[in-house]
Amino acid sequence: MSAMTAPILETRRLTVRFGGLVALDGVDVAVGPGETLGVIGPNGSGKTTFFNALTGLYTPAAGEIVFGGRRVTGLEAHAIARLGIARTFQASRLCLALSVFDNILIGMHARRTTGLADSVVRRWRFRREMGAALERAAHLLALFSRELPGRGFEPVGQLPQIDRRRVEICRALAAGPTLLLLDEPSAGMNPEETAELMRDLQIVRAEMPGLSVIIIEHDMFVIEGVSGRVVAFNYGRKIAEGSFAAVAAHEEVRQAYLGTERARA
Amino acid sequence: MIAVWLSELVVFALVVAGILAERPAALAATGGALVAAAALLRFAPPLRTALAAGFARHRAAALAGGAVLALALPLALRASPYWTFVATLALLYVTIGQGLNLQIGTAGVINLAGAAFAGLGGYSVGLLTLSAGWPAWLALLMAPWIAVTVGAVLFVPILKTRGHYLALVTIAFGFIFNILMNNLEFTGGPQGLKNIPTLRLFGWAFTSKPALAGVELPAHANFYYAALLVAGLTTWALRRLHDSWLGLALNTLRDDEIAARCCGVSLTRGKLLAFSIGNLCIGLGGALYAVMVGFVSPPDFDFGYSLVMLSVVIIGGVDSIPGVVLGACLLLPLPERFRFLHEYRLLLYGAVIVVMLLYRPRGLWPAAVRRYR
């Protein structure tokens, strides 16, 4: 990490245990404002556990998470989300029966200013806010595709896979986060779709230069293409950190992915 | 617009004729006409789309027409106090069904103790008027909040559990409520609470017979109009809540809890809010019932009635506001026509629910996409 301004997110000796299993073992990671950090590692190395700990779905057994200068360790998931951490999931977690707009609008839940009384009796206030929210949702969709905003009131289950992934990214962006966590966005995509995804991520980068991103990926082309710095996990520990080239050449990383000399022999 | 009103009028006339027809031949004729009308809609898609478009275009006119007909119903039923009572009961079930639908349909909080929460409202009215000497209208305003409070206190610890656990606990709660009411001294035991004073508003006692346009109506018409007002207000308010941030957050919690939490939705707050608002409506329905019949006893609020409330939601349309209205209006009066089946007509509920779940799992009037109007 270059000498930079105060990191937006910093974990110190972050540890997550499930009974006797140490899923995350004393991980130190820092992300600066506007930086994109890639996270790689073999299956079961603790990458998604890391995200789940950051977003409050898992409670760390030890260590701490500092976000925006605030200690957020042990806060509930919704409280952390409100502070400005948004995420996507490896397996899509959209509500398929709800409309495309609904799936994005829920991302703006924490930013709403109208309450129950506004929804029922002072409906004009709610309508004004919702009108702006719908416009914002359409604007986010338009970043990725020209036809998606027109399909806003269709159930999201009717969209193809790549568009669902886009809706999920829109939902995360709708929250207006300062840190975006992308959990293997290219999972289950063919090479053409992955190329489209790369383009989408570059659009996000260009539109929101101040946004910090952590991206978990198995596809090394995606990692190389979008992230400035890379950390590698294995068995819940951070084993390498640096530029993509440096991490890819790192001895322990090569062993984690390819096995040791002895194992191959 | 005329077509919309005309179709509403036809349905109204057929329904009233169906209710009032005494002779088997007349009953068969109106029943046949209703079935024919339904089949015509079912198998003539152009007609269906034209009507749907008409209703969508003249929404205000359609609602106004429906309101006029609902106001006129006691006039049409004036010869029969019993059917006026049944119609009132259907309206109470609209209120209760809207509350239950917010819990089960919108938030996925499976509450199988609807009758117990209605009973909390009913018994509260009885105790507040008989033991504490409150006037009926004040007890009526207070009682739903008792249902809300009891629900919130008892269920906060388990609202976080998912699906079946909560459903099981609510079943247990329903039975505990019934056993308690049967055995507690101050609730009158199996005899229940008798002689609950009737509602009196601005000097008007709800037991006196009202006159509308020079026509005298049965005393139950008082409660019909009160229940109509309450059902209308509840439906209006819950329609707006459903089409708002709350409805969206509850739907997301129901479909994917983790996604909702990661979007900043508080699980406890959301489910507690849905549970409480729902119980408010259910308790209000039960309280109005107690004031109307002037008597509450344990069998009025047993598990069977929880199932009737549940079927109103399932048959009408899960998470669908107009569906609940349709479900209550079909499910309460219709079995009354099958009284000759005696106890077996309860089997009808079971059969109808099974058929619905098999062939129309989203209900007769499925929930539409939220448009935030």
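Along each chain, residue indices are assigned from 1 in the same order as the chain's sequence is written. Working convention: letters from A go to chains and numbers from 1 go to ligands, in the order in which they are written. Per-residue local features of the predicted model are confined to residues with pLDDT of at least 70, and side-chain atom pairs are confined, for both listing and counting, to 80 or more; whole-chain, interface and lining totals are unaffected and use all residues. Excluding hydrogens and water, the side-chain figures rest on all heavy atoms present in the structure.

1. Quick notes on the overall build of chain B
Here's step 1: Where helices and strands are cited, they refer to DSSP runs of H or I of at least four residues and of E of at least two residues respectively, numbered from the N terminus. A tally of helices and strands in chain B yields 16 helices and four strands.
Here's step 2: We compute the radius of gyration from the C-alpha atoms alone; for a globule the expected value is 2.2 Å times N to the 0.38, where N is the number of residues. Expected size for 373 residues packed as a compact globule is a radius of gyration near 21 Å; at 21 Å, chain B falls within 12% of this value.
Here's step 3: When its C-alpha atoms are laid out on the principal axes, chain B stretches across 50 × 50 × 40 Å.
Here's step 4: Each accessible area is a Shrake-Rupley result for a 1.4 Å probe, and residues are judged covered by the shown protein chains and nothing else. For chain B, the exposed surface amounts to about 17,300 Å²; the carbon and sulfur share of it is 73%.
Here's step 5: Placing the 25 positive and 13 negative side-chain charges of chain B at their respective mean positions leaves the two points 9 Å apart. Charged residues are defined narrowly, with Lys and Arg counted positive, Asp and Glu counted negative, and His plus the chain ends left uncounted. To locate a charge, the coordinates of NZ of Lys, CZ of Arg, CG of Asp or CD of Glu are taken.

2. Describing the domain arrangement of chain A
Residues and elements named next belong to chain A.
Here's step 1: Looking at the assigned domains, one finds that chain A contains domain 1 (1–84 + 177–265) and domain 2 (99–175).
Here's step 2: Contact with domain 1, which involves 20 residues of that partner, is made by 12 residues of domain 2.
Here's step 3: The term salt bridge refers to a side-chain nitrogen of Lys or Arg lying within 4 Å of a carboxyl oxygen of Asp or Glu. Here domain 1 and domain 2 share two salt bridges between them.
Here's step 4: Residues R166 and E196 are paired through a salt bridge, measuring 2.7 Å at the closest nitrogen-oxygen approach.
Here's step 5: Any pair of nitrogen or oxygen atoms within 3.5 Å is treated as a polar contact; in protein, a donor-acceptor pairing is required on top of that, and neighbouring residues in sequence qualify only through side-chain atoms on both sides. Inspection of the region where domain 1 meets domain 2 yields four residue pairs in polar contact (both at pLDDT 80 or more).
Here's step 6: Those elements that provide at least two residues to the side of domain 1 that touches domain 2 are β7 (179–183) and α7 (191–207).
Here's step 7: Here the side of domain 1 that touches domain 2 gets nine residues from one element, more than from any other, and that element is α7. For every domain, the bounds stem from an assignment made automatically or drawn from a database. Only heavy atoms matter for contacts: two residues are in contact if any of them lie within 4.5 Å across the pair.

3. Examining the domain arrangement of chain B
Residue and element names in this part refer to chain B.
Here's step 1: Taken domain by domain, chain B consists of domain 1 (1–76) and domain 2 (81–359).
Here's step 2: When each unit is reduced to the centre of its C-alpha atoms, the spacing between domain 1 and domain 2 is 27 Å.
Here's step 3: With 11 residues of domain 1 at the interface, the matching set in domain 2 holds 11 residues.
Here's step 4: By buried area we mean how much accessible surface two parts lose on assembly, using a 1.4 Å probe and totalling the loss over both. Summing both sides of the interface, domain 1 and domain 2 together bury roughly 920 Å²; the carbon and sulfur share of this comes to 68%.
Here's step 5: For the domain 1 face of the interface with domain 2, the top three residues by lost area are I19, P74 and L75, together amounting to 55%.
Here's step 6: Counting across the interface, domain 1 meets domain 2 through zero salt bridges.
Here's step 7: If you look at where domain 1 meets domain 2, you find two residue pairs in polar contact (both at pLDDT 80 or more).
Here's step 8: Examining the composition of the side of domain 1 that touches domain 2, we find that six residues originate from one element, helix α4 (residues 59–76), more than from any other.
Here's step 9: Here the residues of the side of domain 1 that touches domain 2 sort into nine nonpolar, one polar and one charged. Put simply, Ala, Val, Leu, Ile, Met, Phe, Trp, Tyr, Cys and Pro go in the nonpolar bin, Asp, Glu, Lys and Arg in the charged bin, and everything else, Gly too, in the polar bin.

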